[in-house]
Amino acid sequence: MLKWQKSEEFLEQQDCPGSARQNTDEKADYLDFVSVVSALAVVFLHTNGCFWNFSATARYWWTANVIECLFYFAVPIFFMISGATLLDFFQRYGVLDYFARRIRKTVVPYIVWSIIGLAFRVCYLKNIGRESVNGKYIVRGLLSGGLVEIYWFFIPLFCLYLSVPLFAAVQDRLRRKVFLYLAVACFVLNCLIPFMNAVFSINVGYQFSVTVGSGYLLYLILGYLLHRYEIGRWQRYALYGTGLVGLMLHIVGTYKLSVAAGSIVSVYKGYNNVPCVLYSVAVFLLLKQIWGGKLGQMLSAKRLIRFLRNYTFSLYLVHWYVMKIMVKELDINTQSIYYRLGAPFVILAVTVFVAALVRKIPFVKKILP
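What this report covers is the structure whose coordinates are included nearby. Model, not experiment: these values are computed from the prediction.

Below, the discussion takes up the overall build of the chain. Scanning the chain from N- to C-terminus turns up 14 helices and two strands. Relative to a compact globule of 369 residues, whose C-alpha radius of gyration would be 21 Å, the chain shows 21 Å and is just as compact. If one aligns the C-alpha atoms of the chain with their principal axes, the spans along those axes are about 60 × 55 × 45 Å. Taking all 369 residues of the chain together, the buried fraction comes to 50%. Counting only contacts in the chain whose residues sit at least 6 apart along the sequence, the fraction spanning at least 24 positions is 77%.

If you want it as structure tokens, here you go:
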């Protein structure tokens with residue numbers, strides 16, 4: 001059996017996606033480390049956008065496939081952090097306060113930066129005509145996350161927020177059994193069986209699923225379990241092994257099927273697919289263990305993570321603008337391996353600098369938390 005132990009209680013968490021705790025805490029929690037790594041991984045995914053321009057012969061696509069798969073954990077881990085930080089919210093405040101915080105710290109910035117993004121696309125990138133923009137276009141874009149291509153993430157995040165009170169209402173003494181059951185049932189019925197059906201072309205009419213844990217809700221549950229309870233060493237190694245298998249299936253499977261088909265085949269892709277779930281769980285555990293070791297004891301590492309944790313949400317909101325301006329003004333070859341591996345660190349530095357300046361403006365600070 002899995003050997004579970006309760007981890008230490010953590011302080012009241014910040015509400016922004018990817019932010020792990022309030023700035024008043026002087027310590028760097030492992031969740032801060034996980035958040036910073038995941039935020040940077042998001043930038044790597046976006047600077048590696050040439051992955052979606054498939055070429056069976058060009059060298060760039062082979063490396064792009066590897067980079068895409070390596071950093072694929074970014075979005076699932078953001079949802080897992082939400083599970084780790086939000087499912088105990090009843091211990092800190094009520095439902096109305098919970099939703100007020102969500103709206104103030106995520107919904108408002110999303111709306112404002114989506115409108116800014118639309119103006120940016122019309123006036124600077126010029127990939128949207130002015131005549132196309134009207135009230136219906138804006139409302140539809142806000143509801144779909146489509147005004148800024150990378151903001152799709154907010155829509156499932158908001159849906160997840162709506163579901164959190166249901167899971168948070170489960171009594172503490174029942175959570176381990178209930179959440180573990182849901183995690184296993186959702187993985188098997190919602191992920192594993194459909195994945196096997198697709199890989200082996202079984203073509204069996206399959207209708208069973210656990211709807212209470214459908215979509216990204218599985219990551220909410222997994223994040224809470226992995227944060228709240230410690231897993232025994234050998235079980236952890238087993239999860240590392242399955243995570244490595246998931247990563248290799250993603251890399252090799254996507255490459256072989258795509259080359260054979262002449263276009264990107266997504267049988268092994270998808271955030272709710274088996275390879276990604278296995279890999280994301282392993283990465284979350286690995287980052288937790290790394291920070292719990294020597295790295296987490298280094299004063300310089302603590303200071304860096306304490307500093308960067310304040311900018312993870314800002315990085316997600318703003319890095320797309322920095323990336324687009326950089327590529328356009330410098331006429332960068334986005335297929336270059338130097339750009340794809342080096343630009344994320346430049347974008348991080350520029351975004352942090354911009355966010356630090358913007359936050360000095362009282363009103364603007366509210367839209368760039």
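After presenting the structure, the write-up continues.
A separate point is the packing of aromatic side chains. Counted according to the given criterion, the structure contains 43 aromatic pairs. Ring geometry for Tyr72 and Tyr271: centres 4.5 Å apart, planes at 20°, overall stacked. Linking Tyr72 in the loop between α2 (59-70) and α3 (74-86) with Tyr271 in the loop between α9 (233-261) and α10 (274-291), this pair joins segments that are 199 residues apart in sequence. Between Phe73 and Tyr279, the ring centres sit 6.2 Å apart and the planes meet at 75°, which makes this aromatic pair edge-to-face. Of the two residues, Phe73 is situated in the loop between α2 and α3 and Tyr279 in helix α10; the sequence distance between them amounts to 206 residues.

With that settled, consider the nonpolar core. In terms of nonpolar packing, the biggest core is built from 108 residues, with Tyr151 and Phe154 touching the most fellow members. The greatest single-element share of this core, amounting to twelve residues, is contributed by helix α1 (residues 30-47). Formed by five residues, the second largest nonpolar core is a distinct cluster that contains Phe51, Tyr60, Trp61 and Ala64.

Summed over the entire model, instances satisfying the criterion amount to eight salt bridges. Note that Asp88 and Arg175 form a salt bridge whose closest N and O atoms lie 2.6 Å from each other. A residue pair is termed long-range when its members are at least 10 positions apart, and Asp88 in the loop between α3 and α4 (95-125) and Arg175 in helix α7 (residues 172-199) qualify at 87 residues. We note that Asp88, like Arg175, is buried. The closest approach of N and O atoms between Lys324 and Glu149, which form a salt bridge, is 3.7 Å. A residue pair is termed long-range when its members are at least 10 positions apart, and Lys324 in helix α12 (residues 312-330) and Glu149 in the loop between α5 (135-144) and α6 (154-168) qualify at 175 residues. Overall, Lys324 belongs to the partly exposed group, its relative accessible area being 25%. In this structure, a network of salt bridges that share partners links the residues Asp88, Asp172, Arg175 and Arg228.

Here is what the cut-offs are and how they apply
Residues numbered from 1 in each chain as written. Predicted model: local features only at pLDDT ≥ 70, side-chain atom pairs only at ≥ 80, totals over all residues. Heavy atoms only, no water. Helix = DSSP H or I, 4+ residues; strand = E, 2+ residues; numbered from the N terminus. Rg over C-alpha atoms; globule rule 2.2 N^0.38 Å. Buried < 20%, exposed > 50% of the residue type's maximum accessible area, 1.4 Å probe, protein only. Contact = heavy atoms within 4.5 Å. Phe/Tyr/Trp six-rings, centres within 6.5 Å; stacked < 30°, edge-to-face > 60°. Core = buried A, V, L, I, M, F, W, Y, C linked by side-chain atoms within 4.5 Å. Salt bridge = Lys/Arg side-chain N within 4 Å of Asp/Glu carboxyl O.

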